[in-house]
Amino acid sequence: MKSFVTACCLSFLLGLVAVVESDEDYTEDEEMILSLILQDDTQPEAESRPSAQFYRCTKDAWRMPGQYIVVMRKGTHVNQVERTVRRLRAKAAKHGYLIEILQTYSGAFHGFLVKMSSDVLHMAVKLPHVEYIEEDSSIFAQSIPWNLQRILQNKHETGKYSPPNDGAKVGVYLLDTSVQVTHREIEERVMVTDFNSVPEEDGVRVHRQASQCDSHGTHISGVVSGRDSGVARGASVNSVRVLNCQGKGTVSGALAGLEYIQSSLMSQPIRPVILLLPFVGGFSHTLNAACRKMVESGAVLIAAAGNYNDDACLYSPASESEVITVGAVNFADQPLSAGTTGTNVGRCVDVFAPGDDIISASSDCSTCFTTKSGTSQAAAHVAGIAAVLLNLNPNSSSAELLQQLLYYSVKQVINSESLPLNHRLTTPNMVVALPDPASTLTGEDLLCRSVWSEMSAAKGLATATARCRHSEEMLSCSSVSQNGARAGERVEERDGQKECVAVNGNGGQGVFAVARCCTGHKAQCQMSESPKRGEDAECPPDHQLTGCSSFSSSGDTSDSGRPLHGSRRACPANRGVTSYASCCHTSSLECQLKEHDSTGLSEQVEVSCEDSWTLTGCQGLSRGSVIRGAFAFGNTCVVHTSGGEKGAVALATCCRHRSLHQPSDN
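Note that the structure is predicted; figures quoted are calculated from it, not measured.

Trainee: Just checking my understanding: could you explain the overall build of the chain for this structure?
Mentor: In terms of helices and strands, the chain carries ten helices and 38 strands. Taking all 666 residues of the chain together, 53% fall into the buried category. Here the contacts in the chain between residues at least 6 apart in sequence split such that 75% fall between residues at least 24 apart. Accessible surface for the chain amounts to roughly 30,100 Å². Of this, 48% is attributable to carbon and sulfur atoms.

Trainee: It is not clear to me how the pattern of salt bridges should be interpreted in this structure. Could you clarify?
Mentor: Pairs can form between side chains of opposite charge once their charged atoms are near each other. Counting across every chain of the model gives 22 salt bridges. Put simply, Asp350 and Arg449 hold a salt bridge, and the shortest N to O gap is 3.9 Å. Here the residue Asp350 occupies a position in the loop between strand E15 (341-342) and strand E16 (351-354), and Arg449 occupies one in strand E21 (residues 447-452), the gap between them amounting to 99 residues. Residue Asp350 shares its accessibility class with Arg449, and that shared class is buried. As a salt-bridge pair, Arg658 and Glu590 come within 3.4 Å of each other at their nearest N and O atoms. With Arg658 in the segment after strand E38 (648-657) and Glu590 in strand E33 (residues 589-597), this pair connects stretches of sequence that are 68 residues apart. The structure contains a network of salt bridges with shared partners spanning Arg56, Arg63 and Glu135.

Trainee: What should I look at first to understand the nonpolar core in this one?
Mentor: Among soluble globular proteins, nonpolar side chains are generally buried collectively. Core analysis: the biggest nonpolar cluster contains 59 residues, and Ile274, Leu276, Ile302 and Val382 have the highest contact counts within it. Sorting elements by how many residues they give to this core places helix H9 (residues 375-392) first, with eleven residues. Setting aside residues up to four positions removed in sequence, Val382 forms contacts with Ile302, Ile324, Val326, Val351, Ala353, Leu405 and Val432. Of all hydrophobic cores here, the second largest spans 22 residues; its members include Leu175, Leu243, Leu275 and Ala303.

Trainee: What should I look at first to understand the pairing of strand E6 (residues 171-176) in this one?
Mentor: Taken residue by residue, a regular strand's side chains alternate between the two faces of the sheet. Within E6, six of the six residues are buried, which leaves the element mostly enclosed by the surrounding structure. The alternating pattern of E6 places Gly171, Tyr173 and Leu175 on one face and Val172, Leu174 and Asp176 on the opposite face, and all of these are buried. Note: E6 against strand E9 (residues 273-277), four bridges, orientation parallel. Across the sheet, Tyr173 pairs through a bridge with Leu275, a residue of E9.

Trainee: Quick question: what am I supposed to make of the sheet that holds strand E5 (residues 130-137) here?
Mentor: Each strand in a sheet pairs with another by means of backbone hydrogen bonds, the pair being arranged parallel or else antiparallel. With mixed pairing, five strands are arranged side by side in an open sheet as E1-E5-E2-E4-E3. What marks the edges here is a single partner per strand, and that holds for strand E1 (53-55) and strand E3 (100-106). Taken over all neighbouring pairs, the strand axes of this sheet differ in orientation by 20 degrees on average, direction set aside. As defined by bridge partners, E1 adjoins E5 across three bridges and the pair is classed as parallel. Counterpart to Gln53 in the pairing with E5 is Tyr132. Against the sheet, helix H3 (residues 78-94) engages strand E2 (63-72), E3, strand E4 (110-115) and E5, with an angle of about 25 degrees to E4.

Trainee: Just to check I follow, could you spell out the state of the cysteines for this structure?
Mentor: Simply put, the disulfide is a covalent bond whose two ends are the sulfur atoms of two cysteines. Tallied over the entire structure, the rule returns twelve disulfides. Paired through a disulfide, Cys365 and Cys368 show a sulfur-sulfur distance of 1.9 Å. Taking the sign of the torsion about the S-S bond as the criterion, the disulfide between Cys365 and Cys368, at about 105 degrees, is right-handed. With a relative accessible area of 26%, Cys365 lands in the partly exposed category. Two residues share a disulfide in this structure: Cys525 and Cys584, whose sulfurs sit 2.1 Å from each other. Negative torsions about the S-S bond denote left-handed disulfides, and the value of about 110 degrees found for Cys525 with Cys584 makes this one right-handed. Here Cys525 is found in strand E27 (residues 524-529), whereas its partner Cys584 is found in strand E32 (residues 578-585), with 59 residues between them in sequence.

Trainee: Help me out: how do you make sense of the side chain of Ser456 in this one?
Mentor: On the secondary structure map, Ser456 appears in the loop between E21 and strand E22 (463-467). On the basis of relative accessibility, which here comes to 9%, the residue Ser456 falls in the buried class. Non-local contacts of Ser456, meaning those with residues more than four positions away in its chain, are made with Ala462, Thr463, Ala464, Asn504, Gly510 and Val511.

Trainee: It is not clear to me how the pairing of E32 should be interpreted in this structure. Could you clarify?
Mentor: With respect to burial, E32 is a largely interior element, seven of its eight residues being buried. Pairing of E27 with E32, which is carried by six bridges, proceeds in the antiparallel orientation. The partner of Ser528 across the bridge, within E32, is Ala581. Sheet topology places strand E29 (residues 544-551) next to E32; seven bridges connect them, and they run antiparallel. The partner of Gln544 across the bridge, within E32, is Cys584.

Trainee: Just checking my understanding: could you explain the packing of aromatic side chains for this structure?
Mentor: Any two aromatic rings considered together are summarised by their centre-to-centre distance and by the angle between their planes. Applying the stated criterion across every chain yields a total of nine aromatic pairs. On the basis of an interplanar angle of 70 degrees and a centroid distance of 5.6 Å, the ring pair of Trp146 and Phe331 is categorised as edge-to-face. Of this pair, Trp146 sits in helix H5 (residues 146-151) while Phe331 sits in the loop between strand E13 (324-329) and strand E14 (337-338), placing them 185 residues apart in sequence. Judged by relative accessible area, Trp146 falls into the buried class, the value being 16%. The ring of Phe331 has Arg150 sitting right over it, with the charged end atom 5.0 Å from the ring centre.

Trainee: Would you take a moment to explain helix H10 (residues 398-408) for this structure?
Mentor: Given 3.6 residues per helical turn, the α-helix brings residues three or four places apart onto the same face. Most of H10 sits inside the fold, with nine of its eleven residues counted as buried. Within H10, burial applies to Ser398, Ala399, Leu401, Leu402, Gln403, Gln404, Leu405, Leu406 and Tyr408.

Conventions we followed
- Residues numbered from 1 in each chain as written.
- Predicted model: local features only at pLDDT ≥ 70, side-chain atom pairs only at ≥ 80, totals over all residues.
- Heavy atoms only, no water.
- Helix = DSSP H or I, 4+ residues; strand = E, 2+ residues; numbered from the N terminus.
- Buried < 20%, exposed > 50% of the residue type's maximum accessible area, 1.4 Å probe, protein only.
- Contact = heavy atoms within 4.5 Å.
- Areas by Shrake-Rupley, 256 points an atom, 1.4 Å probe, with all protein chains shown as cover.
- Salt bridge = Lys/Arg side-chain N within 4 Å of Asp/Glu carboxyl O.
- Core = buried A, V, L, I, M, F, W, Y, C linked by side-chain atoms within 4.5 Å.
- Pairing = 2+ DSSP bridges.
- Axes fitted to C-alpha atoms, helices over the stretch in contact; angles between N-to-C directions.
- Disulfide = S-S within 2.5 Å.
- Phe/Tyr/Trp six-rings, centres within 6.5 Å; stacked < 30°, edge-to-face > 60°.
- Lys NZ or Arg CZ within 6 Å of the ring centre and 35° of its normal.

The following block contains the structure:
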């Protein structure tokens, strides 16, 4: 190709020579061009002058090789700029190169922008009147994308994204489409594995461009660890291809991908490790079980909730309780919705994250960016924040990590009216955020969350069951019904795990069970049951009471009395009612009761634990109003009532680990 260009250039110049030689009145410029053509390269130029300086961007990823800004010396005139351009063109052509002038400058300085081979640089820096040459480079707007600004808690440094760390100690496996690893955002940050299990594309007979196949995976990789658009910019990403160019895969392919990762981790252990699953399929027992096994082996799995405006529990892997399932919100912190599509919601969603108009790497070119929306993007944000948290506490389990994500999240920002009526209670009103740099939270702090069941059938004594993760401890159990007709709740044990079982009452319209699931308790916990109906459930000596439950086998409302937290720790039982006391033993644990009376005709009563205390139990005490149920949200105990003048009392059991220098409040 170069020889062809050389021949063409020489032919043009020889023609020019012929014209020049036939015209005795040729110009000074033409004399210069003619002398350059006829000049013997073995002889030095008549005028020996120092070379101009050459500069390039200090950020290699931002450089634009092949495009150069030529700056002329002060006092240079326009005609001298034009003469320099012609001289450079002639010198380049003589050596077989073409140049293209893209722009000339005559304001702040005199010069020009030239597109040429770097091989021509040594000629350009020797041109007369040239002060210096600078290689062109990229520049970027410095306002933080809204999604990165949203997850920052330390917002006093506007215009700067500064997480507590870059997640460099954490490895991420991304199960997605292929990835364009040469993109400047993710270059040297993403490794493509040799795994590839994707189905044939639907209705496609021609080969797609690589950029179309890399689109989704490249964008998601950029959100996780991109240089400028990433959440955890030091985390390493391993690409495992389970989706084809249409973004479609199979359950069997995803299973094979998980098996490949498990085998890789056995041969080359990475800890901590995150598996990012930015896809959904229909409910699959097999896929959920495989994900559960990966969590049991020590991995953290984070999945997209799905974009179907539906219940996330109907999809996999979003429905697996051991997976951290992520819904999407927009700029206004409201559930993502676009026409007929939108984020999935419900009790299987653990937390929400930014997922609308997220800017990240585009596979169209190595420096291109684009915006995409969906729960895949939201899940990628949580994977990045998880990497930051695991970098701080690398020994955290998946359950402990989820508790930390919820602890740092921004609460009560989603307008519940925007959620489907049947999911308003069970959908978590939390949007993820990075930890505050001043936070002293460690992986051993007592943290709790509420886990909701699906609603029971409306028939009498129908049950609903809520379970904690395997590495969580259930510290209390409560129930909520639509009309207050509930028989209460009982705590059962199955396969070595506690279950919170809520029972629908006579005339009830269905009931939810709400388990209070905790990590960092560092205690031996047990459930004590009333010896007989109507008798109190007492904790053994040296045990703290973390929560109370009660159940009426007759199907009548079964709320019990105020928990006892003095020298005798117990859950009182009304006549015909069985009480359950959650009791934990450790020398550092202390618990206390907080309560708040309703005023006026309020149908909701709340009481919160103080800072440094964690809500472990929540129940309501009727003053005459019907108690529809009680549940914990964050560190607040919420009691729903039928209203009325007599009202109700919200009772919160608050616990903490007492430090060595902290006196007991009891």
